[in-house]
Amino acid sequence: QQVEAEVVTFSVPSYACQRRTTLENHNTVLTDALSLLAENAELSDEDGRGVAFRRAAAVLRSLPEPVTDMKQLRGLPCLGDHSLRVIKDILEDGASREFESTKQSERFKALKVLTGIFGVGSRTADRWIREGIHTLQQLRDSGQSLNRAQQAGLEHYDDLNRPLTAAEAEAVGEIVERAVVSVLPGAQITLTGGFRRGKLTGHDVDFLITHPDEGREEGLMSKVVSWLESQGFLLYQKTTRNSYLESKDGPARPPANMDRFERCFSIFKLTMEERRGTEQPENGERNPNPAEDTLSVGARSGSQTDENTPPQSQVPADERRHRVSGEDGGQEEAKPAAHKPWRAVRVDLVVSPISQFAFALLGWTGSKLFERELRRWAGHEKAMSLSSHALYDNTQSRYLRATSEEEIFAHLGLEFIPPSERNA
Ligand code: GTP
Ligand code: MN
Ligand code: MN
């Protein structure tokens, strides 16, 4: 009798955009290791190696059950020699030496800390490390000149490195909604990024703004930013015109209206009043006067600019928040900084004309790897160029219109994958 163990094998299509990847991951030990090695490669300017590890991690993330045996990986796509070696070490020895040593390395730790500063990329971090700067304190003491983004990033470091909850994302959404409705009634706001994919936490909140009448969205971003600024919601903002020319993934022939596409990187000041406004009502400590939640916005505008002296009315709110959130295990209570009645939140705003909305929505929902794979599929399998603005068919030499994500997937010959299954 054969005593051969039954080995479960998997069949997985090779492009992440052909797969349904939910947030459920049965192989976290393996994917954590490969993701860290990907991150290390990206931080070391080795993008090719980074993508290889990302693709390998994504394949494992899409599997319906844990991998226990190397035999199960036979025939799976995107698993190169290097990734297979890491997986084998973990499956057979319980640990990967490369993963452990990378994680512990001084260089990786310093790169993580320094690129954790908003506005600091891997090249800046690398330069600082070569000058002997490995920690935030060493950076502060070094007298390095920081740009405006980096100054804000350093100042709000702890807040910006503490994951945002879905409730906080919702609170930010309400503020953005108020801003947009105030400056252009009829404009529409859509949550994009990780929170649209159903993630429970995120490093920022992403929004896409449009108006059903083409052209009405022009000039909208600066008005929204002015409104947010006047209400005291912005700690930092930088608005840029999004040009095709600076995007290496853009189609070869940009349409004439490309300059309408605007983006704002910002840091919001989210007060406890706003955060509390979206919490579940069953906590017995709700503000007995719900009107205060909305009134607080107007009351804070104008002269209220000193961050260190919040209005007295906010202090009890903060106290309440503290006692309440002790129950839900909020990490922020561990640090004294949490005693301030607000937190800094990274927010990305994008304005798109309605004619490009479906492309922008698909392009800003992610995940990053899913997006990359969509563009690779379009280029390699369909001779098309996909961007956040348009889809160009190189065979027919024309743009393919779409008013929904479903239509774009159809143009690409792909089965529609909903946002919650784009967590590659
Ligand atoms: P977290 O924010 O880390 O929780 O995850 P996320 O998936 O929301 O990531 P992020 O906010 O960085 O990006 C959201 C989406 O926007 C991803 O699909 C990115 O590919 C896309 N994105 C980010 N920056 C750019 C950019 O400069 N241009 C375009 N076209 N897309 C971008
Ligand atoms: Mn995001
Ligand atoms: Mn973002």
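Our structure's up above, just so we're on the same page.
Residues numbered from 1 in each chain as written. Chains lettered and ligands numbered in written order. Predicted model: local features only at pLDDT ≥ 70, side-chain atom pairs only at ≥ 80, totals over all residues. Heavy atoms only, no water.

## Quick notes on the coordination of the manganese ion (ligand 3)
In the first shell of the manganese ion (ligand 3), the protein supplies D204 (OD), D206 (OD) and D348 (OD), at 2.1 to 2.2 Å from the metal. The motif formed by the donor residues of the manganese ion (ligand 3), counted along the single chain, is D-x1-D-x141-D. (Donors = N, O, S within 2.8 Å, 3.2 Å for Na, K, Ca; no water.)

## Observations regarding the side chain of T210
Considering the arrangement of structural elements, one finds T210 in strand β4 (residues 205-210). Within the structure, T210 has its side chain in polar contact with the backbone oxygen of S352 (distance 2.7 Å). Not counting residues within four places of it along the chain, the set of residues in contact with T210 comprises A187, Q188, S352, P353, I354 and F357. (Helix = DSSP H or I, 4+ residues; strand = E, 2+ residues; numbered from the N terminus. Polar contact = N/O pair within 3.5 Å; in protein donor to acceptor, adjacent residues only side chain to side chain. Contact = heavy atoms within 4.5 Å.)

## Considering the packing of aromatic side chains
Inspection of every chain in the model, using the stated rule, returns six aromatic pairs. A ring pair is formed by F118 and Y236, whose centres lie 5.4 Å apart and whose planes are at 80 degrees; its orientation type is edge-to-face. Taken together, the residues span a long stretch of sequence, with F118 in the loop between α5 (106-115) and α6 (122-130) and Y236 in strand β5 (residues 234-241) at a distance of 118 residues. Y236 carries the same exposure label as F118, and that label is buried. Consider the rings of Y392 and Y399, whose centres lie 4.9 Å apart with planes at 70 degrees: the pair is edge-to-face. What makes Y392 buried here is its relative accessible area of 3%. (Phe/Tyr/Trp six-rings, centres within 6.5 Å; stacked < 30°, edge-to-face > 60°. Buried < 20%, exposed > 50% of the residue type's maximum accessible area, 1.4 Å probe, protein only.)

## Considerations on the site of ligand 1
Contacts to ligand 1 come from 16 residues, most closely from G194, H203, D204, R263 and K368. H203 has a polar side-chain atom sitting 2.6 Å from an oxygen atom of ligand 1. Between ligand 1 and the protein, one listed contact pairs an oxygen atom with a side-chain N or O atom of D204 at 2.7 Å. Notes on ligand 1: free accessible area 630 Å², of which the protein chains cover 75%. Listing elements by their share of the shell around ligand 1, those giving two or more residues are α11 (193-196), α16 (357-365) and α17 (368-382). Among the elements that make up the shell around ligand 1, the one with the highest residue count is α16 (three residues). Tallied by class, residues from the shell around ligand 1 come to one nonpolar, eight polar and seven charged. (Near = heavy atom within 4 Å. Areas by Shrake-Rupley, 256 points an atom, 1.4 Å probe, with all protein chains shown as cover. Nonpolar A, V, L, I, M, F, W, Y, C, P; charged D, E, K, R; others polar.)

## A look at the pairing of β4
Within β4, six of the six residues are buried, leaving the element largely enclosed by the surrounding structure. With burial as the criterion, each face of β4 is covered, one bearing V205, F207 and I209 and the other bearing D206, L208 and T210. The pairing of strand β2 (residues 188-191) with β4 spans four bridges and is classified as antiparallel. Bridging across to β4, T190 finds its partner in L208. Here β4 pairs with strand β7 (residues 342-351) via five bridges, running parallel. (Pairing = 2+ DSSP bridges.)

## Points about the nonpolar core
Ranked by internal contacts, the top residues of the largest apolar core, which has 37 residues, are L34, L60, L76 and I117. Contributing elements (two or more residues each) for this core: α1 (28-43), α2 (47-61), α3 (81-93), α5, α6 and α7 (136-142). Element by element, the count of residues in this core is highest for α1, at seven residues. Every residue in contact with L76, bar those within four places of it in the chain, is listed here: F10, V12, V59 and L63. Membership of the second largest hydrophobic core comes to 29 residues, among which are V172, A179, F268 and L349. (Core = buried A, V, L, I, M, F, W, Y, C linked by side-chain atoms within 4.5 Å.)

## Some words on the sheet that holds β4
In spatial order, the strands read β2-β4-β7-β6-β5; together these five strands make up an open sheet with mixed pairing. Each end of this open sheet is capped by a strand with a single partner; those strands are β2 and β5. Taken over all neighbouring pairs, the strand axes of this sheet differ in orientation by 25 degrees on average, direction set aside. Relative to strand β6 (residues 262-271), β5 runs antiparallel, the two being bridged by seven bridges. What sits directly across from Y236, in β6, is I267. Of the strands in this sheet, β5 and β6 are in contact with helix α8 (residues 148-155), which crosses β5 at around 145 degrees. Each of β4, β5, β6 and β7 touches helix α12 (residues 220-230); the most contacted strand, β5, lies at about 175 degrees to it. (Axes fitted to C-alpha atoms, helices over the stretch in contact; angles between N-to-C directions.)

## Notes on the sheet that holds strand β9 (residues 391-393)
Read across the open sheet, the three strands follow the order β8-β9-β10; overall the sheet is antiparallel. Each of the sheet's edge strands pairs with one partner strand only, and the pair in question is β8 (384-386) and β10 (398-399). Sheet analysis places β9 next to β10, joined by two bridges and oriented antiparallel. Looking at the pairing, Y392 lines up with Y399 of β10.

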